[in-house]
Amino acid sequence: MFEAAVTGYFTALSLIMAIGAQNAFVLRQGIARQHVFWVALFCASSDMILISSGVAGFGALVTLTPWLPFVMAVFGAGFLLVYGGLRFMAAIKGDYALTLENRTVSLGKTIAIAAAFTWLNPHVYLDTLGLIGAVSTQFVPLNQKIAFAVAASLASYSFFFSLGYGARLLAPVMQSARAWQVLDALIGVVMWGLAVMLVLSVL
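Anyway, here's the lowdown on the structure attached to this text. Numbering of residues starts from 1 in each chain and follows the order in which that chain's sequence is written. Side-chain atom pairs in this predicted model are given and counted only at pLDDT of 80 or more, local residue features only at pLDDT of at least 70, and totals for whole chains, interfaces and linings cover all residues. For the side-chain quantities, the full set of heavy atoms in the structure was used; hydrogens and water were omitted.

## Quick look at helix α5 (residues 107-119)
Right, so step 1: The helix and strand labels rest on DSSP assignments: H or I over at least four residues marks a helix, E over at least two residues marks a strand, and numbering proceeds from the N terminus. What a helix should span is 1.5 Å times the count of its residues minus one. With 13 residues, α5 extends 18 Å between its outermost C-alpha atoms, agreeing within 8% with the 18 Å of an ideal straight helix rising 1.5 Å per residue.
Right, so step 2: Only protein chains enter the accessibility calculation, which uses a 1.4 Å probe; a residue is then buried when its area is under 20% of its type maximum, exposed when over 50%, and partly exposed in between. When we look at burial in α5, the residues that qualify are Thr 110, Ala 114 and Thr 118. For α5, the buried positions fall inside an angular range of 70 degrees around the axis, keeping them on one side. The arc in question is formed by the directions pointing from the helix axis toward the C-beta atoms.

Okay, structure coming up:
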């Protein structure tokens, strides 16, 4: 169970950490100190629903189609290689423009924007239902799958709340192009490492 939990936590964390519109929005809310708790809770809870569906769904599908883990591992590894490559390219370009808006927005509108960033982003389905679901297939016993899903969900909660509430302290650093370059380069390394692990897990 410990191995499943550790794998779930760091797999989810490495995917969630990738710089994107959702993370930039949470960072913006944190810096502006506007509805931080509800935004972080919404984003993390959405991930928990998708992660649980991915883990549960893949378990049922694997029973019916034992060849699916191999196909998804190959697909997932390919996506991770491309995704990691994009992170490396972003780090090389060094073009990071985070527009920080400080005007007050209602809670309803704020959550609606968070919902758009979360549920209208095709990558979230690839990450949670696809990639995290695919990684979870290496853990067969139910208790290991539960540990994997819970830890992966905790990664989302810990990340979004840390990002939201830590944004004010991290603002000077996170607005530095150099800091984003380093973070993107590290994410690229993690993505490629996961790609190798996925392929090795089905060979």
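## Here's the deal with the nonpolar core
Right, so step 1: Each nonpolar core is a collection of buried residues, namely Ala, Val, Leu, Ile, Met, Phe, Trp, Tyr and Cys, held together in the definition by side-chain atoms within 4.5 Å. Ranked by internal contacts, the top residues of the largest apolar core, which has 42 residues, are Leu 80, Phe 148, Phe 160 and Met 191.
Right, so step 2: Going through the elements one at a time, α1 (2-16), α2 (21-32), α3 (36-64), α4 (68-93), α6 (122-136), α7 (142-174) and α8 (177-202) are the ones with two or more residues in this core.
Right, so step 3: With 9 residues, the single largest contributor to this core is α7.
Right, so step 4: Working rule for contacts: check all heavy atoms of both residues, and any pair within 4.5 Å makes them a contact. Discounting residues that sit within four places of it in the chain, Leu 80 has contacts with Leu 15, Leu 131, Met 191, Trp 192, Leu 194, Ala 195 and Leu 198.

## Regarding a nonpolar patch on the surface
Right, so step 1: On the surface, Trp 67, Phe 70, Val 71, Val 74, Val 196, Val 199, Leu 200 and Leu 203 cluster together to form a nonpolar patch covering roughly 810 Å² of accessible area.
Right, so step 2: Mapped by element, the contributors of at least two residues to the nonpolar patch are α4 and α8.
Right, so step 3: Here Val 196 lies in helix α8. Note that patches include only residues with greater than 30% relative accessible area and no salt bridge, and the join distances are 9 Å for like charges and 5 Å for nonpolar side chains (Val, Leu, Ile, Met, Phe, Trp, Tyr). For accessible areas, the Shrake-Rupley method is used with a probe of radius 1.4 Å. Any residue's cover is judged against the shown protein chains and nothing else. Should a side-chain nitrogen of Lys or Arg be within 4 Å of a carboxyl oxygen of Asp or Glu, the pair is scored as a salt bridge.

## Focus on the side chain of Asp 184
Right, so step 1: Its place among the elements puts Asp 184 in helix α8.
Right, so step 2: You can call Asp 184 buried: its relative accessible area is 0%.
Right, so step 3: Polar contact is the term for a pair of N or O atoms within 3.5 Å; when the atoms are in protein, one must be able to donate a hydrogen and the other to accept it, and sequence-neighboring residues count only if both atoms are side-chain atoms. Here Arg 87 takes part through its side chain, which lies 3.0 Å from a polar atom of the side chain of Asp 184.

## Considering α1
Right, so step 1: Here α1 contains 15 residues, and its C-alpha end-to-end distance of 21 Å stays within 8% of the 21 Å for a straight helix at 1.5 Å per residue.
Right, so step 2: Along α1, the residues classified as buried are Ala 4, Thr 7, Gly 8, Thr 11, Ala 12, Leu 13, Ser 14, Leu 15 and Ile 16.

## Considering the side chain of Gln 29
Right, so step 1: Within the fold, Gln 29 resides in helix α2.
Right, so step 2: Its relative accessible area of 7% is what places Gln 29 among the buried residues.
Right, so step 3: With residues near it in sequence (within four places) discarded, Gln 29 still touches Gln 34, His 35, Val 36, Val 39 and Thr 110.

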